[in-house]
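# Examination of the molecular architecture
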Amino acid sequence: MKKLISLLLAAGMAASLAACGATATVSESAAESTADAASTAEAAETEAEAADSDLAYIQDKGTMTIGYTVYAPMNYTDENGEFVGFDTELATAVCEQLGVKPEFVEINWDTKIVELDAKSIDCIWNGMTLTDDIMANTACTQAYAKNAQVVVMKADAGYTSTADLVGKTVVAEAGSAGETTVQEDENLSQADYVSKSVQTDCLMEVAAGTADAAVLDLTLASAMIGEGTDYADLAIVDELNAEEYGVAFRKGSDVAAAVDAAFDALKADGTMQALADKYGLTLAE
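The following paragraphs examine the structure supplied in this document.

Conventions used here
In this numbering scheme, every chain counts its residues from 1 along its sequence in written order. Local features in a predicted model are, by the rule used here, given only for residues with pLDDT of at least 70; side-chain atom pairs are given and counted only at 80 or more, and totals for whole chains, interfaces and linings are based on all residues. With hydrogens and water stripped out, all remaining heavy atoms of the structure feed into the side-chain values. Strands are runs of DSSP state E lasting at least two residues, helices are runs of H or I lasting at least four, and both sets are numbered from the N terminus onward. To sort residues, take the accessible area from a 1.4 Å probe on protein chains only and compare it with the maximum for the residue type: under 20% means buried, over 50% means exposed, and anything in between is partly exposed. In this tally, Lys and Arg are treated as positive and Asp and Glu as negative; His is ignored, and so are the chain termini. Salt bridge, as applied in this entry: a Lys or Arg side-chain nitrogen positioned within 4 Å of an Asp or Glu carboxyl oxygen. For this analysis, residues touch if any pair of their heavy atoms sits within 4.5 Å. To estimate how far a helix should reach, multiply one less than its number of residues by 1.5 Å. Strand pairing follows a simple DSSP-based rule, namely that at least 2 bridges must link the two strands. Whether a crossover is right-handed comes down to one check: with the strands pointing away from the viewer, does the path from the first strand over the helix to the second run clockwise; if it does, it is right-handed.

Moving on to the side chain of glutamate 173. Among the structural elements, glutamate 173 can be located in strand S8 (residues 169–173). Nearest to the buried, unbridged glutamate 173 among oppositely charged side chains is lysine 112, at 7.1 Å. Not counting residues within four places of it along the chain, the set of residues in contact with glutamate 173 comprises Thr69, Trp109, Glu179, Tyr193, Lys196, Ser197, Val198, Gln199 and Cys202.

Attention now goes to helix H3 (residues 86–98). Along an α-helix, residues three or four apart share an orientation, since each turn contains 3.6 residues. Counted at 1.5 Å a residue, the expected span for H3 with its 13 residues is 18 Å, and the 18 Å between its end C-alpha atoms agrees. Along H3, the residues that are buried comprise Phe86, Asp87, Thr88, Leu90, Ala91, Ala93, Val94, Cys95 and Leu98. Looking one or two residues beyond H3, the residue adopting positive phi is glycine 99, at roughly 80°.

Turning to unusual backbone geometry, a few remarks are in order. Of note, the bond from alanine 72 into proline 73 is cis; its omega dihedral lies within 30 degrees of zero at 10°. Structurally, the position occupied by proline 73 is in the loop between strand S1 (63–68) and strand S2 (76–77). For lysine 119, which is not glycine, the phi torsion reads 65° and is therefore positive. Of note, lysine 119 is situated in the loop between helix H4 (112–117) and strand S5 (123–129). In this structure lysine 119 comes out as partly exposed when scored by relative accessible area, which is 41%.

This part covers the pattern of salt bridges. Going through the model one piece at a time under the given rule, you end up with 6 salt bridges. Note that arginine 250 and aspartate 122 form a salt bridge whose closest N and O atoms lie 2.9 Å from each other. Here arginine 250, found in strand S11 (residues 234–250), pairs with aspartate 122, found in the loop between H4 and S5; they are 128 residues apart in sequence, far enough to count as distant. The class of aspartate 122 is buried, set by a relative accessible area of 1%. Between lysine 146 and glutamate 285 there is a salt bridge whose closest N-O contact spans 3.4 Å. Taken as a pair, lysine 146 in strand S7 (residues 145–154) and glutamate 285 in the segment after helix H10 (271–279) lie far apart in primary sequence, 139 residues in all. Under the relative-accessibility criterion, lysine 146 is labelled partly exposed at 34%. If you follow the salt bridges from partner to partner, you end up with Asp54, Lys61, Asp122 and Arg250 in one network.

Turning our attention to helix H9 (residues 255–268). Here H9 contains 14 residues, and its C-alpha end-to-end distance of 20 Å stays within 8% of the 20 Å for a straight helix at 1.5 Å per residue. Buried within H9 are the following residues: Val255, Ala256, Ala258, Val259, Asp260, Ala262, Phe263 and Leu266. Looking one or two residues beyond H9, the residue adopting positive phi is glycine 270, at roughly 90°.

Moving on: the pairing of strand S9 (residues 192–196). On any regular strand, side chains alternate: one points to one face of the sheet, the next to the other face. Where S8 lies against S9, 5 bridges are found, and the strand directions are parallel. Counterpart to glutamate 173 in the pairing with S9 is lysine 196. Tracing the backbone out of S8, into helix H6 (residues 177–184) and back to the parallel element S9 gives a crossover that is right-handed.

As structure tokens, then:
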């Protein structure tokens, strides 16, 4: 009888130990499952943050696709066939700071924001004026250079103010600050306005006599007209509103802040001032 009782007690203890072992195994499995879930959630969050980062997107592909139009002294091909310019060289220096390579793509300036949002380009970097419209629809860097809109005519043209151009043919680049100036100026808005695809076409129209005046960037006019240029018979007859240049990225992009930091570094080491001196520009303060 005692032997039977002993056997029953032993069996009970074994069952109890087995149950405890099973409980411990379930608890360990639950803990491991919780840890795995937390790790997965953290990874998903990190992946989502990376997906939202425009900088991560650009650095992952290794290139920054830069939208531009041909525009001396900002982005153009020189007499030796080299693609040069203030913006060309500045963008290249900034890309080096960000650890990516620049890829320059010529765009239609009038649809620049559409191309930016479609990711066919990563930024607009081409002597772009920081207008209210641009700043409202993109993420912009700090201003890096000064500019103004100017009236260009034949050197022997009679001109005292924009009132002289009422009813005359005036050209500007479509979607540019020059076009905005024409539309907003009391007198220029009464001119026969014709938009052109690029600013250099505006100079051709004035030189050919098919337009009386062009409204365009001071930086371009200073580099492309006057003695020693292809437009020696053209002159700047008036300087209108002052403005500043910046770079535009997709709205909400974190790249603008990264480029600002690169600008600060390139100002500190003298690179930006050297480029400004080389291409005859004045840096923004």
